[in-house]
Amino acid sequence: MTSDSISADDPRRLLAEVRALAHRVRADQRMTWAALLVLGVTTLLAIPVDWFGMRVDCHSDGSCEFARNGMLYFWPAAMVLAYAAIAVWYFRAARARGLGTRVLPYAITGAVTTVVFPAAWLAVFLYFRSHPYPDGPMPYWQFVLDRLVMPWGMIGVALLVLVWLERNLALLLFTAGYLALVLLVLPMNDGFASPHLGFRAGMALPQLIVGVVLLLAAAGFARAGRRR
Amino acid sequence: MNDHPSLGLDDVVHQRVRLGILTIAHEARRVEFGYLRTQLDLTAGNLSKHLSVLEGAGLIEVEKGYEGRRPRTWITLTPAGTTALADEIGRLKQLIARVETTPED
């Protein structure tokens, strides 16, 4: 850039320069890998809490009742800490680069989503105190909704806010794939039912897959950032 | 009455470096002097002159401080600066639209 005064016939070039500068600043502010790393580690830490905090009562007919109490206590606190850590990490990195940061709305959204899971759990609990359990299987949309309000679904929803803040197309593609995985593919709410897996292992396996996916994505974004 | 968009251009903002400063400050929320100098490829003296013009017009705020022993100068956009940047970009888009819709002789 030079300090020349511009003439009226080059607005297109000037706008292109403005857009290029804005894009460069946004790219310099990104710490996508750090957010994914923190969320991946938090997901993996939740596995033993869920494993040991789960109450399982299996009956002679092979059916089991379970209550994932460990998750209920772990995730709200863990999410608040995780999003606080992400915000601090972003803030420090941006400051070191000589920039402000736009991560705060993401961190706040993420922290707010932590109340969704216990609130949904409480709502279901109160509902079934005065209503009978349905005889048939849950409709598919209720399954998906159940998975959405769980912590892994909320991680995806909050990531959409980060996509918007960072105007990050790569993160949008990842988030779309991630949400499809946790909402439509992996049995996050009832676990894998396999004779080779115990009940707790069936619950842990989808969480392990989600944690590994987040960590792999963190590695991918870190590598792409270094290349840039 | 002539309403050509070029007549509405603000001389303070309608200058490549100053528009660059406002753009970066807007995107970054807050930007340090050294980052601006690197991105805009300017000398410290040249950048300081442009910052003085923008500060004098009330479009930016300059905050000087220390980080450890290192002096740091942070620049933030004022609400007037945000408005001026949006107006300038709007005028530029109008100019482009006018050029594209004006038939050639």
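Residues numbered from 1 in each chain as written. Chains lettered and ligands numbered in written order. Predicted model: local features only at pLDDT ≥ 70, side-chain atom pairs only at ≥ 80, totals over all residues. Heavy atoms only, no water.

Draft legend 1. The arrangement of the overall build of chain A in detail. In terms of helices and strands, chain A carries nine helices and two strands. Starting at the N terminus and walking to the C terminus, you meet the elements of chain A as α-α-β-β-α-α-α-α-α-α-α. Its C-alpha atoms give chain A a radius of gyration of 22 Å, more than 25% over the compact-globule value 17 Å for 228 residues. With the principal axes as the frame, chain A shows a C-alpha extent of 85 × 30 × 30 Å. Counting only carbon and sulfur atoms, one obtains 68% of the accessible surface of chain A, whose full area is about 12,100 Å². For chain A, the distance from the average site of its 20 positive side-chain charges to the average site of its 13 negative ones is 10 Å. (Helix = DSSP H or I, 4+ residues; strand = E, 2+ residues; numbered from the N terminus. Rg over C-alpha atoms; globule rule 2.2 N^0.38 Å. Areas by Shrake-Rupley, 256 points an atom, 1.4 Å probe, with all protein chains shown as cover. Lys, Arg positive; Asp, Glu negative; His and termini not counted. Charge placed at Lys NZ, Arg CZ, Asp CG, Glu CD.)

Draft legend 2. Expanded view of the interface of chain A and chain B. On the chain B side, the residues contacting the 30 residues of chain A number 32 residues. Summed over both sides, the interface of chain A with chain B buries roughly 2,800 Å², with 58% coming from carbon and sulfur. Counting across the interface, chain A meets chain B through four salt bridges. The residue Glu17(A) makes a salt bridge to Arg16(B) at a minimum N-O spacing of 3.3 Å. Scanning the region where chain A abuts chain B turns up eleven residue pairs in polar contact (both at pLDDT 80 or more). Secondary-structure elements contributing two or more residues to the side of chain A that touches chain B are helix H1 (11-29) and helix H3 (69-97) of chain A. The leading source of residues in the side of chain A that touches chain B is H1(A), at 15 residues. For the side of chain A that touches chain B, the per-class residue count stands at twelve nonpolar, six polar and twelve charged. (Contact = heavy atoms within 4.5 Å. Buried area = accessible area lost by both parts, 1.4 Å probe. Salt bridge = Lys/Arg side-chain N within 4 Å of Asp/Glu carboxyl O. Polar contact = N/O pair within 3.5 Å; in protein donor to acceptor, adjacent residues only side chain to side chain. Nonpolar A, V, L, I, M, F, W, Y, C, P; charged D, E, K, R; others polar.)

Draft legend 3. Expanded view of the pairing of strand S1 (residues 54-58) of chain A. Residues and elements named next belong to chain A. Across five bridges, the pairing between S1 and strand S2 (residues 64-68) is antiparallel. Its bridge partner lying in S2, Met54 is registered against Arg68. The hairpin turn running from S1 into S2, its antiparallel successor, is five residues long, and Gly62 in that turn takes a positive phi close to 95°. (Pairing = 2+ DSSP bridges.)

Draft legend 4. Quick peek at the packing of aromatic side chains. Residue and element names in this part refer to chain A. For the structure shown, the criterion picks out six aromatic pairs over all chains. Each ring, one from Trp33 and one from Trp89, has its centre 5.2 Å from the other, and the planes form 80°; the classification is edge-to-face. Of this pair, Trp33 sits in helix H2 (residues 32-53) while Trp89 sits in helix H3; the two residues are 56 residues apart in sequence, bridging distant segments of the chain. Taken together, the ring pairs connect Phe74, Trp75 and Trp152 into an aromatic cluster. (Phe/Tyr/Trp six-rings, centres within 6.5 Å; stacked < 30°, edge-to-face > 60°.)

Draft legend 5. Quick peek at empty space enclosed by the protein. All names here are of chain A. A complete count under the given rule lists two cavities of 30 Å³ or more for this structure. The calculated volume of the largest cavity comes to roughly 50 Å³. Listing elements by their share of the lining of the largest cavity, those giving two or more residues are H3, helix H5 (116-130) and helix H7 (151-166). A total of three residues in the lining of the largest cavity trace back to one element, the largest contributor, which is H3. (1 Å grid on protein atoms, 1.4 Å probe; cavity = no way out; pocket = protein on both sides within 12 Å on 5 of 7 lines; lining within 4 Å. Points joined across faces, edges and corners; volume = space filled by probe spheres on them.)

Draft legend 6. Fine view of helix H1 (residues 16-28) of chain B. All names here are of chain B. Here H1 contains 13 residues, and its C-alpha end-to-end distance of 18 Å stays within 8% of the 18 Å for a straight helix at 1.5 Å per residue. Burial of H1 is extensive: twelve of the 13 residues sit out of reach of the surface. Along H1, the positions that sit buried rather than exposed are Arg16, Val17, Arg18, Leu19, Gly20, Ile21, Leu22, Thr23, Ile24, Ala25, Glu27 and Ala28. For H1, the capping residue at the N-terminal end is Gln15, with a side-chain oxygen 2.9 Å from the backbone nitrogen of Val17. Phi turns positive, to about 70°, at Arg29, one or two residues after H1. (Expected span 1.5 Å × (residues − 1). Buried < 20%, exposed > 50% of the residue type's maximum accessible area, 1.4 Å probe, protein only.)

Draft legend 7. Representation of the UniProt feature "domain: Winged helix DNA-binding" (unreviewed entry) in chain B. As annotated in UniProt, the feature "domain: Winged helix DNA-binding" (unreviewed entry) corresponds to residues 17-96 of chain B in the numbering used here. Secondary structure content for residues 17-96 of chain B is 64% helix and 22% strand, and the end C-alpha separation is 20 Å. (UniProt positions renumbered as here; feature names shortened; annotations may be inferred.)

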